[in-house]
Amino acid sequence: MSFYVTTPIFYVNAQPHLGHAYTTIVADTAARFHRLNGEETRFQTGTDEHGDKIAEAAAKAGETPQEYADRISALFRNAWPDLDIAPDNFIRTTDPAHKRIVQAILQQVYEQGDIYFSEYEGLYCKGCERFVTEKELVDGLCPDHQKEPERIREQNYFFRMSKYQQWLIDHIKQHPDCVTPERYRNEVLSFLKEPLEDLCISRPTSRLTWGIPLPFDEKFVTYVWFDALINYISGLGYPNDPLFARYWPAAEHIIAKDILKPHAIYWPTMLRAIGVPMYRKLHVHGYWNVNEAKMSKSLGNVVRPGELAAKYGADAVRYFLLREMSFGVDASFSEEALLGRQNADLANDLGNLFARSLAMLKKFAKGAIPAPAADAESPEDNELREAALAMLDEYSRQMEAFAFNRALQAVWEVVSRANKYIVTSEPWVLAKDPAKAPRLHTMLYHLAETLRCIAVTLQPVMPSAAAKMLQALGLTPPCRLADHRCWQVLPPGSELHDPGPLFPRLDKKAMMAADPPAAEAAGRKGKEKSAGAPTMAQPASSELIDFNLFQKLDLRVAEIIAAEPIPKAKRLLRLTVRAPEERTVVAGIAEHYQPEDLVGRQVILVANLKPAKLMGVVSEGMVLAAKEGSRLTLLRPDTSVAAGTPVS
Ligand code: MSP
């Protein structure tokens, strides 16, 4: 089975932005997923360099179109590695090989009588680089570009697109999955209810010279869409290269809704005319808006992916975009939302699960995969195993369907289940009784196996973090899915490694005050500088405090990861807690708790208390306890929650 995934080739009249990055991340993720599925996979992206728009932009920049296209195309090519995007081929429509193939196709279609010469008058939108119909306009303007189209009347060559209309309708009806999600398939079918006009495929050189000359009439160049769409097969060396036979028609094109018509109508009819089978699928996604507004240069809110990656790292940006957008529907980008997911999903849930699990494996199993014992299994182990294995199936189903957000949701359900499993299994209690070692090791084994399943699924989404997780478990990535859809993969005795910090918890204020990811990020409220350690306000003289004052308390659930006595201080213990970042807290509980009883336990932390030095140790907060007479008992949440969860 082969899989050939493509992005649109992007116009070089603009620099890469969040929208381009999203489509290309989706393609890269799909390619990585199918590769892990054992399929022969190819991923192509590139740049679309001919046409009016580019010629105009080059003139504005004072460059020749070729110089200009070289410069901007390189910006696209160089943007992708920063996001861990690794295409197999980067095609440019100015590549000589591409031009030759476009000309050969034009010649073939012309000779078979599917291209004719005629006069046409119509409305042309330069932004769309196509003739538009009156019906598509809103208040006389192109809805995508907010510009009035030009009325053009000229003699041109036309492709007999109408001849293939019925075939296309039948094909889409017989292959319901060929345009997805369904709403876009319906949109195409409804468009096809009207008779199709033939497609104007040339521009006279009197008006435009920046294009591929028609092989049968040098006074014309090829219309940019006819040229551009062919990239999908010219990039495979159509018609003779073995790559073409290997990957066509296994093609799955990814686009946004803006270019549905050229991909769902022009391209299939072009393929039909040259006798090439229809592509397998067209995946259509929605638009990213920024802070609820349309992303545009004039609004000054264009988000640059390189700047985002430099600030947050490729893994976090990829995860956020794939998790946040429901494929097919518009979504809104904001840096706050990205930070929210980084701290909650990545640092708190996933990062914390890995860190605490590896710490326990290190401490209670000598840093190696322990051996499970069948007679020491508990129902919770079975539940966790069933959930992890079911997740692998669900994940694969959703990834195949391009429902990345649902696939990740399924993974995170297991992340949170595993976090709860740790708390209910109480390994720190088991560790105190040598007779319970088989149970402890069985529990830790199930935990390690669950981490493995999670890390395997994250490879296509967060390639670098997932590789670190797998290596920490003693595996060598890439790990193919087929080898991991079962239990007991990790061999007992194999050594574990430290993955290093995976997902830091980021300070929202400091991040928002740092350079914005988009140089042009507009509309951002005043950049507050971090106010340093917040101080507690003094209560008013009255016994009652108002809610605002209470809200100033940063109360959080923390997890104790280490506890030790402080020499010469008989009442104090030095605690290392995770909330979710690690910090030291000095607590006056030594007369009430043994240090070893505290490890793994959840407590409530006052996180914004001014640091204070107690017996030479700086305490960064305090833990809450109830005091009954001389007895102290630590507070903890009723059920386990992720470390760092706010208390309100
Ligand atoms: N050159 C043509 C495509 C030819 S393909 C044979 C073109 N180029 S483009 O530079 O305008 O890119 C359009 C594509 O960029 C969209 O289909 C989508 O993949 C991506 N996006 C551009 N803006 C976007 C958003 N705001 N949100 C999501 N994706 C967006 O059209």
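Remember, predicted model here, so these are calculated numbers, not experimental data.

1. Considerations on the side chain of glutamate 335
With respect to the helices and strands, glutamate 335 occurs in helix α13 (residues 335-364). For glutamate 335, a relative accessible area of 2% gives the class buried.

2. Concerning the environment of arginine 505
Within the fold, arginine 505 resides in the loop between α18 (463-472) and α19 (508-513). Each C-alpha atom of the pair arginine 505 and methionine 622 lies 20 Å from the other, and the pair is 117 residues apart in sequence.

3. Focus: the sheet that holds strand β17 (residues 331-333)
On the basis of which strands lie adjacent, the open sheet formed by three strands has the order β16-β15-β17 and mixed pairing. Of all the strands in the sheet, the pair left with one neighbour each is β16 (293-294) and β17. In this structure, strand β15 (residues 288-290) lies alongside β16, joined through two bridges in antiparallel fashion. The residue of β16 that forms the bridge with asparagine 289 is lysine 294.

4. Here we look at the confidence of the model for the chain
On average, residues of the chain score 92 in pLDDT, and 94% of them reach the 70 mark or higher. Counting contacts from residues 518-542, a segment whose pLDDT is below 50, to residues more than four positions away or on other chains yields 34 contacts.

5. Considering the packing of aromatic side chains
Using the criterion set out here, one finds 29 aromatic pairs in the structure. Ring geometry for phenylalanine 402 against phenylalanine 404: centres 5.3 Å apart, planes inclined by 55°, an arrangement best described as tilted. Through a chain of ring-to-ring contacts, three or more aromatic side chains come together here, namely Tyr4, Tyr232, Tyr238, Phe244, Tyr247, Trp248 and Trp267.

6. What to know about the packing of helix α12 (residues 314-324) against helix α15 (residues 404-425)
One way to put it is that α12 packs onto α15 with a least axis distance of 7 Å and a crossing angle of 110°. Between α12 and α15, the angle falls in the class roughly perpendicular. Residue-level contacts link Tyr319, Leu322 and Arg323 of α12 to Phe404, Asn405, Leu408, Gln409 and Trp412 of α15. Its residues assigned to classes, the contact of α12 with α15 shows five nonpolar, two polar and one charged.

7. Observations regarding helix α6 (residues 182-191)
Turning to α6, its buried residues are Tyr184, Arg185, Val188 and Leu189. Buried residues of α6, viewed axially, fall in a sector of 140°; they line one side.

8. Here's the deal with helix α1 (residues 18-36)
The end-to-end C-alpha separation of α1 is 26 Å, in line with the 27 Å expected for 19 residues at 1.5 Å each. Counting buried residues along α1, 17 of its 19 residues qualify, which places the element largely inside the surrounding structure. One or two steps after α1, the chain reaches glycine 38, where phi turns positive at roughly 85°.

9. Observations regarding unusual backbone geometry
In this model, tyrosine 238 is joined to proline 239 through a cis peptide bond whose omega is 0°. Structurally, the position occupied by proline 239 is in the loop between α8 (231-234) and α9 (242-247). In this structure, phenylalanine 402 takes a positive phi of about 65° despite not being glycine. Checked against the element boundaries, phenylalanine 402 lands in the loop between α14 (379-400) and α15. Of note, glutamine 488 is a non-glycine position whose phi angle comes to about 60°, a positive value.

10. Some thoughts on the pairing of strand β5 (residues 115-125)
Examined bridge by bridge, β5 and strand β7 (residues 150-159) share ten bridges and lie antiparallel to one another. Across the sheet, glutamate 119 pairs through a bridge with glutamine 155, a residue of β7. Of the strand pairs in this sheet, β5 and strand β6 (residues 130-132) are connected by three bridges, and their pairing is antiparallel. When the bridges of β6 are listed, cysteine 125 appears paired with arginine 130. The turn joining β5 and β6, which pair antiparallel and follow one another in sequence, is formed by four residues; a positive phi near 55° is taken by glutamate 129.

11. What to know about the environment of alanine 643
Take alanine 643: it is sitting in the segment after β26 (631-634). The spatial distance from the C-alpha of alanine 643 to the C-alpha of arginine 397 is 31 Å, given a sequence separation of 246 residues. Not counting residues within four places of it along the chain, the set of residues in contact with alanine 643 comprises Asn348, Asn352, Val557, Glu559, Arg578, Ala579, Pro580 and Gln602.

12. Considerations on the packing of helix α11 (residues 305-312) against α12
Where α11 contacts α12, the axes come no closer than 7 Å and their chain directions differ by 115°. Touching Leu308, Ala309 and Tyr312 of α11 are Ala314, Ala316 and Val317, all from α12. Residue composition of the contact of α11 with α12, by class: six nonpolar, no polar and no charged.

What counts as what
Residues numbered from 1 in each chain as written. Predicted model: local features only at pLDDT ≥ 70, side-chain atom pairs only at ≥ 80, totals over all residues. Heavy atoms only, no water. Helix = DSSP H or I, 4+ residues; strand = E, 2+ residues; numbered from the N terminus. Buried < 20%, exposed > 50% of the residue type's maximum accessible area, 1.4 Å probe, protein only. Pairing = 2+ DSSP bridges. pLDDT = per-residue confidence, 0-100. Contact = heavy atoms within 4.5 Å. Phe/Tyr/Trp six-rings, centres within 6.5 Å; stacked < 30°, edge-to-face > 60°. Axes fitted to C-alpha atoms, helices over the stretch in contact; angles between N-to-C directions. Parallel < 35°, antiparallel > 145°, perpendicular 65-115°, else oblique. Nonpolar A, V, L, I, M, F, W, Y, C, P; charged D, E, K, R; others polar. Arc of directions from axis to C-beta. Expected span 1.5 Å × (residues − 1).

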